[in-house]
Amino acid sequence: MGLRQFVIDAWSWLNYKPVMADAGRPASRGFAELAASWLPSHELRRLAAYKVLASYDNNQAGQLAAAAGDEAALERRELGDAANLVDTALGYLLGADQQIAVAGAEHADDESPEPGATEAAAAQDRLRKWAEKELLTLRIQQAERNAVLLGDSVYVLAWNPEKQRPTLRVYDPGFFFPQWDEDQDQDFPTRVHLAWELPEDVDSGLKARVRRVTYELGPISQDGSAVRTYPWDPGRASNVTCYLTDAEWLLEDLKRGETLDRLPVHKAAFRVRPDGTELNRLDLLIDFVPVIHITNTIPDGGEHWGRSALARVLQGLDELAATDSDSSAASATTGTPIIGLAGARLPVDRATGMPEKLKVEAGAVWQLGESGRMDALDTSPQLSELRARVEHLLDRIAANSRITAAGLGTLNAAEVPSGYAFKLALAPLDALVGTMRLAREHKYRLLLKFVQRLYQAGRAEGWAGGESVPARLAWAPHTPTDRAAVLEEVVKAYGAGAISLETAVQMLLDAGYPINDASQEVARIRGQAEERMREAKEVAAVSSGEEQGDPAGPQTGKPPATVAA
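Everything in this summary refers to the structure shown in the same document.

Overview of the packing of aromatic side chains
A complete count under the given rule lists 11 aromatic pairs for this structure. Between the aromatic rings of Tyr171 and Trp196, the centroid separation amounts to 6.2 Å while the plane-to-plane angle is 40°, which identifies the pairing as tilted. In this pair, Tyr171 is assigned in strand E3 (residues 165-171) and Trp196 in strand E5 (residues 191-198), connecting sequence segments 25 residues apart. Accessibility expressed as a relative area gives 24% for Tyr171, which makes it partly exposed. One cation-aromatic arrangement involves Arg126 over Trp463; the distance from NZ or CZ to the ring centre is 4.5 Å.

Quick look at the environment of Ala158
Within the secondary structure layout, Ala158 lies in strand E2 (residues 152-160). Ala158 gets classed as partly exposed once you look at its relative accessible area, which sits at 33%. C-alpha separation for the pair Ala158 and Phe450, spaced 292 residues apart in sequence, amounts to 9.7 Å.

Quick word on the sheet that holds strand E12 (residues 291-295)
Read from one edge of the open sheet, 3 strands run E3-E2-E12, paired in antiparallel fashion. The open sheet has two edge strands with one neighbour each: E3 and E12. On average, each strand axis in the sheet is inclined to that of its neighbour by 25°, with strand direction left out of account. Where E2 and E12 come together, 5 bridges link them in antiparallel fashion. Directly across from Asp152, in E12, lies its bridge partner Thr295. On top of the sheet, helix H5 (residues 136-150) reaches E2, E3 and E12; it is set at about 150° to E2, its chief contact.

Thoughts on the environment of Leu136
When you line up the elements, Leu136 lands in helix H5. Sequence-wise, Leu136 and Gln98 are 38 residues apart; in three dimensions their C-alpha atoms are separated by 9.3 Å.

Conventions we followed
Residues numbered from 1 in each chain as written. Predicted model: local features only at pLDDT ≥ 70, side-chain atom pairs only at ≥ 80, totals over all residues. Heavy atoms only, no water. Phe/Tyr/Trp six-rings, centres within 6.5 Å; stacked < 30°, edge-to-face > 60°. Helix = DSSP H or I, 4+ residues; strand = E, 2+ residues; numbered from the N terminus. Buried < 20%, exposed > 50% of the residue type's maximum accessible area, 1.4 Å probe, protein only. Lys NZ or Arg CZ within 6 Å of the ring centre and 35° of its normal. Pairing = 2+ DSSP bridges. Axes fitted to C-alpha atoms, helices over the stretch in contact; angles between N-to-C directions. Contact = heavy atoms within 4.5 Å.

The following block contains the structure:
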């Protein structure tokens, strides 16, 4: 099946797939749920792309192709290469650890700290305690695997009055529907829907329904006259707030044309909080939408969506699965070859009178006549070629994905002549990780800013009003480093006065040394240095006293002996 329309967009790398051939209603044959009437038509290609990518991650690409009409695809062998590629890219992206860092906090323990350093250190400590309670590392793992696999991921923050802290949740990007105003130049949408279908529950008597959670910025009052001063911007009055609406609709009540942004309000069943508050345009007392969209790559101009790590090698993965299937078939004929017999006396089935089929198995004996002959079909050369093609495809996928053979661990270390050559082999991976982290840098700064603002809006203890401190997520090195070489470089540079102690400690931290906090480590180093200087002065003072006394030895307290003249 060919393309019905030639389309170039953020998901055009999937156009070769039959399920994406119809640009208007993609995946209509593969995914019945995408035929729901409430889904906006312009979102269908994105949702279909997520479904296709998820099938590769779960070794179900063959089943998807079969659902689109290719019945032979059910025999495709998928051995987890797509999932391995995603997990490898995720591991390099995250590194060994992630830490929240606030600018200036590293100077808080200096003898004369810079202005604001103490406050920055206190804010950093509070944010790290929040991250520990909210399992931030686990949430990052959840969200970033979605981002690497699907190209996008979504965080949602909410203030929890019982826990007295912001909570962080990860949502599937297939539930995320931002509403962009094309007439305005916006960096972020002013309205966001999170929507998904709830299946029918016969036991509970619940019918199939769609749930929609909406965050929307709007005026505090209908006429726009009411204003509010927010704790993070005390010098400015604002007439904008964020409203939350959480409602459900029965699917049977929705008519054609009543899409996600046009669901009938009079048929909505609004959800209610435990305290009895109806979630119908609930004022959250904040002036921002607490939803953060993470993209795996930097979006192209005019686009808002990221690209999967599998995007450019998806056809290579198809070729690899096909070659694995052929290799499996060839290995069957190599291990149990096809044999031709001439002049053989075949046993006869007494019931049918027909010759019995012979089986190639250990211990089998066939009687051949004087002119008998046995020929075996040797398919081992074809099997070797197929295995060589598998290696070629793996190298091609590694190169085109920029994870490289060295990054995937398939590079033979004996083939690398030097450490510098190995570093050059990892250069594409370094560039890939740098680009992926750059795409996330601003979003994680925004997330940590929102956390601080929610603490301020909730009037939490220790979170005074004022502008949020600039905090970011610091990533650990993505590749192993030569600690001995880094240590030697640090010692020489610090000893020559080329770098400060703070920079030296940070270099050791980046190299993977077990340093939990750079500022505390600097304070300990300086404290130990002062202690050694104090001990050295005491030793010097004792030595000086001995040199000024009796050269024969220390004084014993006895009167000197009388010497006769």
